[in-house]
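Chain and residue survey
If you want the building blocks of each chain, they are given just below.
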4 protein chains.
Amino acid sequence: MIQAGIVGGTGYTGVELLRILATHPQVEVKVITSRAEAGRPVHELYPNLRGHYDIVFSEPDLDALLACDVVFFATPHGVAQAMMPSLIDGGARVIDLSADFRLKDIATWEHWYAQKHACPELVEMAVYGLPERYREEIKRAQLVACPGCYPTSVQLGFMPLLEQGLIEPGQLIANSASGVSGAGRQAKIGSLFAENSDSFQAYAVEGHRHLPEIEQGLRAMQVDASEALGLTFVPHLLPIVRGIHSTLYAKLKTDTCDLQALFESRYKDEAFVDILPQGVFPQTRSVKGSNVCRISISQPQGRDTVVVMSVIDNLAKGASGQAVQNMNIMFDFAENEGLQAPALLP
Amino acid sequence: MIQAGIVGGTGYTGVELLRILATHPQVEVKVITSRAEAGRPVHELYPNLRGHYDIVFSEPDLDALLACDVVFFATPHGVAQAMMPSLIDGGARVIDLSADFRLKDIATWEHWYAQKHACPELVEMAVYGLPERYREEIKRAQLVACPGCYPTSVQLGFMPLLEQGLIEPGQLIANSASGVSGAGRQAKIGSLFAENSDSFQAYAVEGHRHLPEIEQGLRAMQVDASEALGLTFVPHLLPIVRGIHSTLYAKLKTDTCDLQALFESRYKDEAFVDILPQGVFPQTRSVKGSNVCRISISQPQGRDTVVVMSVIDNLAKGASGQAVQNMNIMFDFAENEGLQAPALLP
Amino acid sequence: MIQAGIVGGTGYTGVELLRILATHPQVEVKVITSRAEAGRPVHELYPNLRGHYDIVFSEPDLDALLACDVVFFATPHGVAQAMMPSLIDGGARVIDLSADFRLKDIATWEHWYAQKHACPELVEMAVYGLPERYREEIKRAQLVACPGCYPTSVQLGFMPLLEQGLIEPGQLIANSASGVSGAGRQAKIGSLFAENSDSFQAYAVEGHRHLPEIEQGLRAMQVDASEALGLTFVPHLLPIVRGIHSTLYAKLKTDTCDLQALFESRYKDEAFVDILPQGVFPQTRSVKGSNVCRISISQPQGRDTVVVMSVIDNLAKGASGQAVQNMNIMFDFAENEGLQAPALLP
Amino acid sequence: MIQAGIVGGTGYTGVELLRILATHPQVEVKVITSRAEAGRPVHELYPNLRGHYDIVFSEPDLDALLACDVVFFATPHGVAQAMMPSLIDGGARVIDLSADFRLKDIATWEHWYAQKHACPELVEMAVYGLPERYREEIKRAQLVACPGCYPTSVQLGFMPLLEQGLIEPGQLIANSASGVSGAGRQAKIGSLFAENSDSFQAYAVEGHRHLPEIEQGLRAMQVDASEALGLTFVPHLLPIVRGIHSTLYAKLKTDTCDLQALFESRYKDEAFVDILPQGVFPQTRSVKGSNVCRISISQPQGRDTVVVMSVIDNLAKGASGQAVQNMNIMFDFAENEGLQAPALLP
């Protein structure tokens, strides 16, 4: 049994961590911080947690966090990097769900997030928490940078193709759509029910902060790093609460590969990647509340464009579920501990 | 570890049973029947179950069911009563989620369901599976008739008031609203997305089959059975998948009772009934996927009408969750075994 | 052709006024004010209006408003009363969609809205803009106080019964449910998509500001004013954008009245009240975008409780549509001018 | 004033025709057929039409249809072609909303629709009813084949680029998403609320019937017909009632074109195509209930992939609205007659 601390527990990734950890047999949540809600029981904010937690939001406190075996950051970008040096010095093992340590290139981070990075010296040691590619590094990591929601769905979909050099890397397209919970629990007109219900639209078409993260990840997968990689990434906003669906397009270099077999083989030992049978396409609801990524591969009309569809729950495999998966790896628990319940369907 | 059989597993209560039992440590599903889908793996119909079950739908077979420790019926009314005599004779313990054995008065059943009852002689032995009132009888039951979804939400809301004789029983009102999954997984125009989305309406106002079931249950709770009990029950259709919200109205006989304390006291030992603090009103999403019933009590403007709000997940506490709770009681498992995960929120 | 001014045009009732007036042959919108958006074209805020309006939001200006034939207030309470004396002095005819002039009793208004009324002397002259009851007064009115959304649906449902003295007035119940647009276009966590989608709940059970407005209206309808009238009003929040559904309950004094005939007769000359055939229950979608109120009457099981169901579009008949209906009456246009399009279904 | 007949009026395109024509000053609906609902008033099926129509569904009757000035087919494919020879011989002017006369190549039609074409000799005379490209032909047409919903959104988005030869035609991608009303008003499990709500998925990835229609249309737009054109078209199912959003991707041949100016210029005289300002992306709700197509153009990160976003209401510009637009052109009415109301927002 380990003890966990959560920094910034009032958002949707915070409550999702609490929901998952409520039934995790190896973890007890000892500390959960929120400046705005300090002193308030978590179940007052989240009635689904009534009967599961007595814990109360507290002001962030370094000693309390250092007394934990693992610290999660479920905060907006910029928060984790401010506290990270003290935590790392104090020996904490940290899983950061924010974007602070995902990009290896500091200048790129500072460009896209429009602020100075507070501890660039720690970026190098951060391990990118995509277990399906970096499991060994995660085991030994002190600081894990959890991937973004879109980046998880896109990278898992392109990975087998790029690792085998089967597609033209210069003209990749990721057409993604996310549920509104991805925008967080913040009072914004754009996130209102009456603005999103019964509607659909693209946003951030000119450039979304997940673009450099995805491109960095995809480049690392290329068998021939000399080929220029370019991704057009268009996110859309779905009138659903949870779920990301990425439809990926690439031009095939070859027509002799059994793509279905390739994907099945690549992910055969992965507990949380499920390759669907040929001709079955994934629904976001099939992963609602679960840590699974479901993927389909298609080659429409036998032409030279491959289409990959990939779904995750943005709050689970796209955030808190993957964070717990990383924790399980770091602490040598069964990788699916606490993550075994099937998705809620219907 | 016991073995379970499920008759009629293709509907929403069937898949919900499978979802819950997938992580129940004491139960293995050995048989799941469906004439229409015989031979097909359950995960083909319900992709959320991929990786959780290898089981295949089979034709109903008495011997296979009798080899199970418990048999669930997740069928439309009329099916369970046809097979029940053989199962009871064979010694099976049965939990029927349908309406076949809920009404004690055969004539009433035959009137509301417009067919002859196939085994009226077994109705008497059936125990009404509302644990909060009939726990002791359930322990020893061979045949449990699981309450309907509306009846569960309405009875739990009125029970403390009727047991104490605090309200006029002749003018009860239950204004209930249910998610569309309550209509089942049947191809009907009235259940289409384009017919229900972004809309709301009452239905079956003149008389819903759950009316006699609720009235029978409420009468059994009356402290003074000589008082005539009458309920006006108006169900509505909500554009949500899961959830029932009942708003109950009754005229108080007294103004000296602490209703909040009464409800808290009545349910203090109940794992699945949660009385919310004064002034907090229950959201259906706070019980989505969980077996909990959350209840609020209010006396608006201090007048003599009491308002009780009660929410459940119609597929969980309103059907399959309560069925598993009954099974846990019947087999002396912890009553919350397999039912501990918090609701999915957001 | 008259000229109209709109004060506070950025909210949902503002855009709905613009949508309706866009095709009204007798009205040109000359002025639309918003402090926050002054200088911005309305179609930037509301893309559905692109191609329909060139008008730009402006700072509120008394002279500009006085140059209009009619001025609408689509503002939160408190705003209209601050400007009203100058407008009334200047001879403007005003239609106020806010709550400022609905309650005749100043103390009651000040209690429920928790502020001092800025011009109590004008309350008396305000005509309550429910055409089905006050058409003649509206024709001559200089100041019309448009009814609230819930009050419109509840009053039209109870009116025939109270006018004939057919129900016990002391135990009335209005169980209402509204779409989220009723909460306005304000950045509040409680109105977020991720907080409301796939959920349902009651709110303001202890007392909603529409309660005194409804009770005032119902009392005026009573045939015998000496009978005490009491209403229990419980509003709920629906996961839909537009629509109010009120389910009304009352105890009948008599069982010899043909309620269906009564309602059909009472509303036979009303263009915007539609009594459905017996056994057909109204869907909120059947009035989406239209000014119609659809009503059904039922007497379940032939008992002594009458149930009335009443649906409106909260932004149309519940606000901006009714405001235009009032304007049509005041300016002697055909009462349905600009309001003839059928509801959008599906 | 002309008289219109509608064949197959019980589906969603049928009720949408009725809704639009209810306020069209130049058209009276004289005949509406439905074998299943013959004898039933249309307002019984569609309560939004109460008070707008007294008309009753009738059995299809050639003489009754020939007495009309225009006949609409709102039927599944295969129906219109069976009746067409008699109607054309009789001199009727026909607007077919189905797929029967859209494809010029009979073999292609028979391949994709898996049946023999009943009157291939009439295919040649059919004019493809996309007014923005074929307005002159539509004026004189006796038989108009209304474009499909996806094809309308995709063709309007690619048209300016193909007409100018600015993109590589061999690697076009159309990632489209449609509301569930696109699946029609048919009792299918896949269209149930509980199957679609809070979910999203791709479908028909291997090949959708609209693919050959779109490719035929795009080829006709190419400035250099010798270039091979190939489209990857992936449709998705949105949990909304109305709306199609197409996100189109193509590789630019040049980087010296002002794409925004090109689109604005191409559509400057079109009443129903609205090019949004740079950086504003279209929402499906901005066209709900209206005949408008809104389009945005983007060149993310200044790279060589152009992204076009195009939204329509699938029942309006994607079906019945466009049908009325075609009728207006054929009968020399103002092209926007009956189609002027702004979209319903929120």
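Per-chain numbering applies: the sequence of each chain, read as written, is numbered from 1 onward. Whichever chain is written first becomes A and whichever ligand is written first becomes 1, with later ones labelled in order. Residue-level local features of this predicted model are given only where pLDDT is at least 70; pairs of side-chain atoms are given and counted only at 80 or more, and the full residue set underlies all totals for whole chains, interfaces and linings. Hydrogens are left out, water is left out, and the side-chain values use all remaining heavy atoms of the structure.

1. Digging into the relation of the copies chain A and chain D
Least squares is the method used to superpose the copies, on C-alpha atoms of residues holding a pLDDT of at least 70 in both. Taken as rigid bodies, chain A and chain D are interconverted by a rotation of 180° and an axial shift of 0.0 Å, the fit giving an RMSD of 0.0 Å. Taken together, these values place the two copies in the relation of a two-fold axis. An overlap of 100% is found between the interface residues of chain A and their copies at the interface of chain D, pointing to a shared contact surface. Whether two residues are in contact is decided by their heavy atoms, any of which lying within 4.5 Å being enough.

2. A word on the environment of Ser-58 of chain B
Residue and element names in this part refer to chain B. Put simply, DSSP marks the helices as runs of H or I at least four residues long and the strands as runs of E at least two long, and each gets a number from the N terminus on. Considering the arrangement of structural elements, one finds Ser-58 in the loop between helix H2 (42–45) and helix H3 (62–66). Note on exposure labels: buried denotes an accessible area under 20% of the residue type's maximum, exposed denotes more than 50%, and partly exposed covers the range between, all computed with a 1.4 Å probe on protein chains only. By relative accessible area, Ser-58 is classed as partly exposed at 25%. Along the primary structure Ser-58 and Ala-80 are separated by 22 residues, whereas in three dimensions their C-alpha atoms are 17 Å apart. Setting aside its immediate chain neighbours within four residues, Ser-58 contacts Val-31, Ile-32, Thr-33, Ser-34 and Ala-38.

3. Digging into the domain arrangement of chain A
Residues and elements named next belong to chain A. When the domains of chain A are assigned, the result is domain 1 (2–125) and domain 2 (150–314). An automatic or database domain assignment supplies the residue ranges for each domain. Computed from C-alpha atoms alone, the centre-to-centre distance between domain 1 and domain 2 is 27 Å. Counting residues at the interface gives 15 residues for domain 1 and 13 residues for domain 2. Buried area, as used here, totals the accessible surface that two parts lose on assembly, with accessibility defined by a 1.4 Å probe and the loss added over both. Between domain 1 and domain 2 the total buried area reaches about 1200 Å² when both faces are included, carbon and sulfur atoms providing 54% of it. Contact with domain 2 buries area across many residues of domain 1, yet Tyr-12, Arg-102 and Trp-112 alone supply 47% of it, more than any other trio. A side-chain nitrogen of Lys or Arg and a carboxyl oxygen of Asp or Glu constitute a salt bridge if their distance falls within 4 Å. Where domain 1 packs against domain 2, one counts two salt bridges. Across the salt bridge formed by Glu-213 and Arg-102, the nearest N and O atoms sit 3.1 Å from each other. Polar contacts, as counted here, are pairs of nitrogen or oxygen atoms within 3.5 Å of one another; within protein the pair requires one atom able to donate a hydrogen and one able to accept it, and residues that are adjacent in sequence qualify only if both atoms are side-chain atoms. Here domain 1 is connected to domain 2 by six residue pairs in polar contact (both at pLDDT 80 or more). Among the secondary structure elements, those contributing two or more residues to the side of domain 1 that touches domain 2 are helix H1 (12–21) and helix H5 (106–113). Residues are grouped as follows: Ala, Val, Leu, Ile, Met, Phe, Trp, Tyr, Cys and Pro are nonpolar; Asp, Glu, Lys and Arg are charged; every other residue, Gly included, is polar. The class makeup of the residues in the side of domain 1 that touches domain 2 is six nonpolar, four polar and five charged.

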